[in-house]
Amino acid sequence: KMEAAEKMAIISGKLVLLLAGGLLLFFMLLFISLMAGYYFSQLFESLFIGFALVAGFYLLLLVLVITIGRKYILPNIESSIITTIFHEADTDISNS
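Residues numbered from 1 in each chain as written. Predicted model: local features only at pLDDT ≥ 70, side-chain atom pairs only at ≥ 80, totals over all residues. Heavy atoms only, no water.

Undergrad: Go over the overall build of the protein with me, naming the residues and quoting the values.
TA: Helix and strand content of the protein: two helices and zero strands. Put simply, the protein has 96 residues, and 11% of those count as buried. Entry remark: accessible area of the protein is about 8100 Å², with carbon and sulfur atoms responsible for 77%. (Helix = DSSP H or I, 4+ residues; strand = E, 2+ residues; numbered from the N terminus. Buried < 20%, exposed > 50% of the residue type's maximum accessible area, 1.4 Å probe, protein only. Areas by Shrake-Rupley, 256 points an atom, 1.4 Å probe, with all protein chains shown as cover.)

Take a look at the structure:
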């Protein structure tokens, strides 16, 4: 039971750190996107075109992440999770 609790504590700590970093990254991208939207709005003298360019960029990025992510990103995430779980199990077995 202690081994399972230790694994859960390690995984929970990594998850909290990942969520905090993700939240900070989200707000950074939000404000950069707003800045880019207003910059392009002034450049093209149209609020709609400025923010449509930023939205189009994110739409293109979404399509790329979906198409590339299934092949490259998802397997890396899965193997990272499995490695984390079984690496801790290997460490526990070798310490016993």
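Undergrad: Describe in detail the layout of surface pockets, supporting the description with residues and values.
TA: Empty space within the largest pocket amounts to approximately 270 Å³. Lining the largest pocket, in full, are Ile11, Lys14, Leu15, Leu18, Ile77, Ser80, Ile81 and Thr84. Those elements that place two or more of their residues in the lining of the largest pocket are α1 (2-44) and α2 (47-95). Classifying every residue of the lining of the largest pocket by side-chain character gives five nonpolar, two polar and one charged. (1 Å grid on protein atoms, 1.4 Å probe; cavity = no way out; pocket = protein on both sides within 12 Å on 5 of 7 lines; lining within 4 Å. Points joined across faces, edges and corners; volume = space filled by probe spheres on them. Nonpolar A, V, L, I, M, F, W, Y, C, P; charged D, E, K, R; others polar.)

Undergrad: Would you mind going over the packing of aromatic side chains in detail, with residue names and values included?
TA: According to the stated counting rule, one finds four aromatic pairs in the structure shown. Each ring, one from Phe26 and one from Phe27, has its centre 5.3 Å from the other, and the planes form 65°; the classification is edge-to-face. Seen in terms of ring centroids, Tyr38 and Phe51 are 5.1 Å apart; in terms of plane orientation they differ by 85°. Their pairing is edge-to-face. One end of the pair, Tyr38, is in helix α1; the other, Phe51, is in helix α2, and 13 residues separate them in sequence. (Phe/Tyr/Trp six-rings, centres within 6.5 Å; stacked < 30°, edge-to-face > 60°.)

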